[in-house]
Amino acid sequence: MKKGLTALLLAASLFGSLQAAGTDHRSMLMKDMRTMLDAMEQIQRGGLYSSSDDMKTGVKKLQGTLKTLESEDIKWILPKDQVYAYKFAQKTASMLRLYSDDMIASIEAGRMDDALEDYTQLLKQCTSCHIRIRNW
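Residues numbered from 1 in each chain as written. Predicted model: local features only at pLDDT ≥ 70, side-chain atom pairs only at ≥ 80, totals over all residues. Heavy atoms only, no water.

### Overview of the packing of helix α2 (residues 52-70) against helix α3 (residues 85-108)
Move 1: Viewed as axis vectors pointing N to C, α2 and α3 meet at an angle of 160°, and their least axial separation amounts to 10 Å. Between α2 and α3, the angle is such that the two are roughly antiparallel. Considering only the axes of α2 and α3, their crossing is left-handed. Together, S52, M55, K56, V59, K60, L62, Q63, L66, K67, L69 and E70 of α2 and Y86, A89, Q90, A93, L96, R97, S100, D101, M103, I104, I107 and E108 of α3 make up the contact between the two elements.
Move 2: The residue inventory of the contact of α2 with α3, partitioned by class, reads 12 nonpolar, 4 polar and 7 charged. (Axes fitted to C-alpha atoms, helices over the stretch in contact; angles between N-to-C directions. Helix = DSSP H or I, 4+ residues; strand = E, 2+ residues; numbered from the N terminus. Parallel < 35°, antiparallel > 145°, perpendicular 65-115°, else oblique. Left-handed = near helix turned anticlockwise from the far one by under 90°. Contact = heavy atoms within 4.5 Å. Nonpolar A, V, L, I, M, F, W, Y, C, P; charged D, E, K, R; others polar.)

### Thoughts on the pattern of salt bridges
Move 1: By the definition in use, this model includes 3 salt bridges.
Move 2: Between E70 and R97 there is a salt bridge, with its nearest N and O atoms 3.1 Å apart. Linking E70 in helix α2 with R97 in helix α3, this pair joins segments that are 27 residues apart in sequence.
Move 3: A relative accessible area of 33% places E70 in the partly exposed class.
Move 4: In this structure, R111 and D114 form a salt bridge, with 2.9 Å as the shortest nitrogen-oxygen distance. (Salt bridge = Lys/Arg side-chain N within 4 Å of Asp/Glu carboxyl O. Buried < 20%, exposed > 50% of the residue type's maximum accessible area, 1.4 Å probe, protein only.)

Right, dumping it as structure tokens:
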């Protein structure tokens, strides 16, 4: 009887810790998504007010969150029934890095039209992922 009770308590404890770990991953990923939104808003605001410093700061903030999309941790938030979701998130992260690197180069070269085109491409990547992954 004692062995059964001990095993039950151990199983409950293990299940609870796994649930907490999943919640921690999910909250961390959601925080990074909010940071991405803030970064995109900062880039847009910088572009509208001709502030290349604000745009660069926004790009750096965005790039700081890409490690989440590039890691295995993203699987905690992706829908389990969509087999392609992980690969799609990885590709989106790659494209976000490409366009954000290009945006920095464009800003530093004084080509604001190109930098704003890169912003448009970044926004398209965000929208595409949210439409496909979240089924909007």
